[in-house]
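Structural overview for review
Here are the chains, one letter per residue:
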Amino acid sequence: MNAPARVSYREALREAHREALRCDARVFLMGEDVGRYGGSYAVSKGLLAEFGPERVRDTPLSELGFVGAAIGAALGGMRPIVEIMTVNFSLLALDQIVNTAATLRHMSGGQFSVPLVVRMATGAGRQLAAQHSHSLEVWYAHIPGIKVLAPATIEDAHGMLALALADPDPVVMFEHALLYNLEAARPSTWPRVDIARAAIRRPGTDISLVCYGGTLWKTLEAATALSAEGIEAEVIDLRVLRPLDDETLFDSVRRTHRALVVDEGWKTCSLAAEVMARLGEQAFYDLDAPLARVCSAEVPIPYAKQLEDAALPQPATIAAAVKRLLGRP
Amino acid sequence: MDESSLTPVPLAPELSLQLLRDMVRIRRFEEACADLYGQGKIRGFLHLYVGEEAVAAGVLHALAADDAIVATYREHGHALVRGMPAGVIMAEMFGKREGCCRGRGGSMHLFDAGTRFYGGNAIVGGGLPLAVGLALADKMQGRSRVSACFFGEGAAAEGAFHESLNLAALWRLPVLFCCENNRYAMGTALERAHAETDMAHKAAAYRIGAERVDGMDVVAVYEAATNAAAAVRAGSGPRFLELLTYRYRAHSMFDPDLYRDKAEIERWKQRGPIHNLSNRLKAQQQLTEEAFLALDAQALSEVAQAVTFAERGTLEPVADLLKDTYTEPVA
């Protein structure tokens, strides 16, 4: 049977799960509606039939309980993947992730590692209002002891899971909900990716645009529009939100001398703030202009489309911010 | 001592003496900790187990070497009975490199991979889901081990308690839930925190076989835990023990203990777990006062050696501050 010519972000993730479940008997997936329902974003559709209810394990609505149980299972020799339906619900499990998964290795003097992968959907843009639209990646990126991934491309969606599973420490993976339907031609073989470096998704000379997850595609769209006006923006996809790859950022700014960060998180105490602080601390003399950022408006994300659109970074607002920074009309 | 507390001890004499010895070891260890805290040798939070010794001693002797233990921030006694050397525990509290966690955990975070001792958890209820997961791993890998989880009645008000009991029962996991009901969540009395004050009843609502046990009687604890652990090991799902006990000392070294009646403390002291057992063993000619004093002297000597070991310990270099945040160093 020939594989279809096109593949989506969702399917890439599903294939990564299938490969992980096939290759390693210790791997299992658990979460709300991952089994019979097929996953609330349909990532795990079909996996129950292939791997059975032990390894594609439906849980009750107990985020704290099943994330904690996954930590315990990891300590007990398994390699759990926990799907938390969305980042919004992950707040119910924050205690186990922050107080247990992140601390255990250090607190035990190196005796116990927690090889756990937690996946969750994140982000706004589907008129789901204030309780289903958070971008709280930075909350997790704040915590020493965990690693934070944000696959923005189909290749990363496929490749990051296996690397996260191979990591001996807890890894939290954010999948922007608007990316699941992203589609591209299926690669003949999946490329190797890493979980160490940021990626330059579009080379440019005039400014470095730093983004991650769902904002990558908006930023690329802005960069294309700017190119038509003679501005060549370099687009950097952070990919790994903790630990941040400073070198790729500094290297880019050394060439472009300007940087703007695009972040769907709220501006105050955002990941953008962290990136800007690092550039300010370590690349200050490479800069020809103040650092800038485009973040979400400081408001619970509203339901009405025009309000939601206005609350989030958009290609037009990104392009406008770049032009302001460059002093262009 | 009333007459009923002199009921015969139906255990092998050697085991009875071991239970007694371990309770005395905990008592002496905890008393030393209180002194050392006063001297400034131990810092941070320190929660003592004085009065509750029968629970750790009785339950842990009912478990096997490859079972897992998840405990709370009041866990020195559990670590000691489980087999962690007193010196290693004391060195941890002294913040020394020779401590079980190289001085990174302290009193509330004792860990030992060798005895499958998974902490030492300072988030009330935080250990419950962990024990459920350890049990899930055993079940998925076809091992017949027990994961024993200690927690207080205070934890039973947390969501983690209810989520964990539900998961363990739903998936029939080999967890032995051990609720150390000492009647106070820090300063909040049982009746002021729980609409249903019977913890075993809460567990029964999740269809978990549950039993209330006199936690001041180590024999009762040992027998109940032995039966419960056997049932768990046989694959019949989780079991729940509510161990009715009492702490004689304040919640922590910062607690002025103003929320309970001194007469109440005295009443519970009359039922002290060490006297409870030693008097019964004496009554059935399995223990003499001389033997008891010798056992106590042995415990004191073990603690003294532990303190010396901790005193002589070294400090982890500050250069290693970030060590073990990740398995492999991260830039």
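For clarity, every value in this text was computed on a predicted model and none was experimentally measured.

Another aspect to go through is the overall build of chain B. The helix and strand inventory of chain B stands at 12 helices and 7 strands. Here chain B has a C-alpha radius of gyration of 19 Å; the compact-globule value for 331 residues is 20 Å, and the two agree. With the principal axes as the frame, chain B shows a C-alpha extent of 60 × 50 × 40 Å. A total of 331 residues make up chain B; the buried ones form 57% of that total. The contacts in chain B between residues at least 6 apart in sequence include a share of 74% that link residues at least 24 apart. Total accessible area on chain B stands at roughly 13,000 Å², and carbon and sulfur atoms take up 53% of it. Chain B carries 35 positive and 42 negative side-chain charges, and their two centres are separated by 3 Å.

Counting 154 residues, the largest nonpolar core has Y140(A), M90(B), L176(B), F177(B) and F240(B) as its most contacted members. The dominant element in this core, judged by the number of residues it contributes, is helix α1 (residues 13–38) of chain B, at 11 residues. When residues of this core are assigned to domains, at least three map to each of domain 1 (6–185) and domain 2 (199–326) of chain A. Not counting chain neighbours up to four residues away, the residues in contact with M90(B) comprise F29(B), C33(B), L36(B), I42(B), A306(B), V307(B) and A310(B).

Let's shift gears to a nonpolar patch on the surface. A surface patch of nonpolar side chains, about 310 Å² in accessible area, is lined by F45(B), M253(B) and F254(B). With relative accessibility at 55%, the residue F254(B) sits in the exposed group.

So, on to the interface of chain B and chain A. Between chain B and chain A, the contact holds 39 residues from the first and 45 residues from the second. At the boundary of chain B with chain A, total buried surface from both sides reaches about 3,300 Å², with 65% on carbon and sulfur atoms. One can count 1 salt bridge joining chain B with chain A. Put simply, R105(A) and D324(B) hold a salt bridge, and the shortest N to O gap is 3.0 Å. Taken together, chain B and chain A are joined by 19 residue pairs in polar contact (both at pLDDT 80 or more). Secondary-structure elements contributing two or more residues to the side of chain B that touches chain A are α5 (127–140) and α6 (159–170) of chain B. The class makeup of the residues in the side of chain B that touches chain A is 22 nonpolar, 9 polar and 8 charged.

Right, let's get into the pattern of salt bridges. Scanning all chains against the criterion turns up 44 salt bridges over all chains. Here E175(A) makes a salt bridge to R119(A), at a shortest N to O gap of 2.6 Å. Residue E175(A) is located in strand β7 (residues 171–176), and its partner R119(A) is located in strand β5 (residues 117–122); the two are separated by 56 residues in the primary sequence. Here the two residues E175(A) and R119(A) agree in accessibility, since each one is buried. Residue R183(B) pairs with E191(B) through a salt bridge whose shortest N-O separation is 3.0 Å. Overall, R183(B) belongs to the partly exposed group, its relative accessible area being 26%. Relative accessible area serves as the criterion here: at 48%, E191(B) is assigned to the partly exposed category. Via salt bridges that share partners, D156(A), D194(A), R201(A), D237(A) and R239(A) belong to a single interconnected network.

Strand pairing in a sheet takes place through backbone hydrogen bonds and is either antiparallel or parallel in direction. Residue and element names in this part refer to chain A. Read across the open sheet, the 5 strands follow the order β9-β11-β10-β13-β14; overall the sheet is mixed. Two strands close off the open sheet at either side, each with one partner strand: β9 (199–202) and β14 (292–296). Strand-to-strand twist of the sheet, defined as the mean angle between neighbouring strand axes without regard to direction, takes the value 25 degrees. With respect to the sheet, helix α10 (residues 246–256) is in contact with β9, β10 (207–211), β11 (233–237) and β13 (259–266), its orientation differing from that of β11 by roughly 175 degrees. On the sheet, helix α13 (residues 315–326) packs against β10, β13 and β14 and is oriented at approximately 145 degrees with respect to β13.

Residue and element names in this part refer to chain A. On the basis of which strands lie adjacent, the open sheet formed by 7 strands has the order β3-β2-β4-β5-β7-β6-β12 and mixed pairing. Each edge of the open sheet is held by one strand with a lone partner, namely β3 (56–58) and β12 (240–242). On average, adjacent strands in this sheet sit at an angle of 20 degrees to one another, irrespective of strand direction. Strand direction decides the pairing type here: strand β2 (residues 27–31) and β3, joined by 3 bridges, are parallel. Within the sheet, the bridge partner assigned to M30 lies in β3 and is R57. Set on the sheet, helix α3 (residues 63–75) makes contact with β2 and β4 (79–86); between it and β4 the angle comes to about 165 degrees.

Residue and element names in this part refer to chain A. The domain architecture assigned to chain A consists of domain 1 (6–185) and domain 2 (199–326). Counting residues at the interface gives 30 residues for domain 1 and 26 residues for domain 2. With both chains or domains summed, domain 1 and domain 2 bury close to 2,200 Å², and 60% of this area falls on carbon and sulfur atoms. On inspection of domain 1 and its partner domain 2, the count reaches 2 salt bridges. With a closest N to O distance of 3.0 Å, D156 and R201 form a salt bridge. Taken together, the links from domain 1 to domain 2 amount to 16 residue pairs in polar contact (both at pLDDT 80 or more). Of the residues assigned to the side of domain 1 that touches domain 2, the class counts are 17 nonpolar, 9 polar and 4 charged.

A pair of packed helices is characterised by two quantities: the angle between their axes and the separation of those axes. All names here are of chain A. Axis separation between helix α1 (residues 9–23) and helix α2 (residues 47–55) bottoms out at 11 Å; the angle between their running directions is 55 degrees. Put simply, α1 runs oblique to α2. Our pair here, α1 against α2, has a crossing hand that is left-handed. Contacts from R14, H17, R18, L21 and R22 in α1 reach L47, E50, F51 and R55 in α2. Within the contact of α1 with α2, the residues separate by chemical class into 3 nonpolar, 1 polar and 5 charged.

Relative to the helices and strands, E308(A) is located in helix α12 (residues 305–311). Not counting the four nearest positions on each side in its chain, E308(A) is found in contact with A124(A), G125(A), R126(A), Q127(A), L128(A), S133(A), I301(A), P302(A) and Y303(A).

All names here are of chain A. β7 sits mainly inside the fold: 6 of its 6 residues count as buried. Of the two faces of β7, the one carrying V171, M173 and E175 and the one carrying V172, F174 and H176 are both buried. The sheet contact formed by β5 and β7 spans 6 bridges and is parallel. Each residue of the ladder has a partner; that of M120, found in β7, is F174. Bridge count for strand β6 (residues 147–149) against β7 is 3 bridges, and the pairing is parallel. The residue bridging V148 from the neighbouring strand is V172, located in β7. Crossover handedness for the path β6 to helix α8 (residues 154–166) to β7: right-handed.

Calculation criteria
Residues numbered from 1 in each chain as written. Chains lettered and ligands numbered in written order. Predicted model: local features only at pLDDT ≥ 70, side-chain atom pairs only at ≥ 80, totals over all residues. Heavy atoms only, no water. Helix = DSSP H or I, 4+ residues; strand = E, 2+ residues; numbered from the N terminus. Rg over C-alpha atoms; globule rule 2.2 N^0.38 Å. Buried < 20%, exposed > 50% of the residue type's maximum accessible area, 1.4 Å probe, protein only. Contact = heavy atoms within 4.5 Å. Areas by Shrake-Rupley, 256 points an atom, 1.4 Å probe, with all protein chains shown as cover. Lys, Arg positive; Asp, Glu negative; His and termini not counted. Charge placed at Lys NZ, Arg CZ, Asp CG, Glu CD. Core = buried A, V, L, I, M, F, W, Y, C linked by side-chain atoms within 4.5 Å. Domains from an automatic or database assignment. Patch = residues over 30% accessible without salt bridge, like charges linked within 9 Å, V, L, I, M, F, W, Y side chains within 5 Å. Salt bridge = Lys/Arg side-chain N within 4 Å of Asp/Glu carboxyl O. Buried area = accessible area lost by both parts, 1.4 Å probe. Polar contact = N/O pair within 3.5 Å; in protein donor to acceptor, adjacent residues only side chain to side chain. Nonpolar A, V, L, I, M, F, W, Y, C, P; charged D, E, K, R; others polar. Pairing = 2+ DSSP bridges. Axes fitted to C-alpha atoms, helices over the stretch in contact; angles between N-to-C directions. Parallel < 35°, antiparallel > 145°, perpendicular 65-115°, else oblique. Left-handed = near helix turned anticlockwise from the far one by under 90°. Right-handed = clockwise from strand over helix to strand, strands pointing away.

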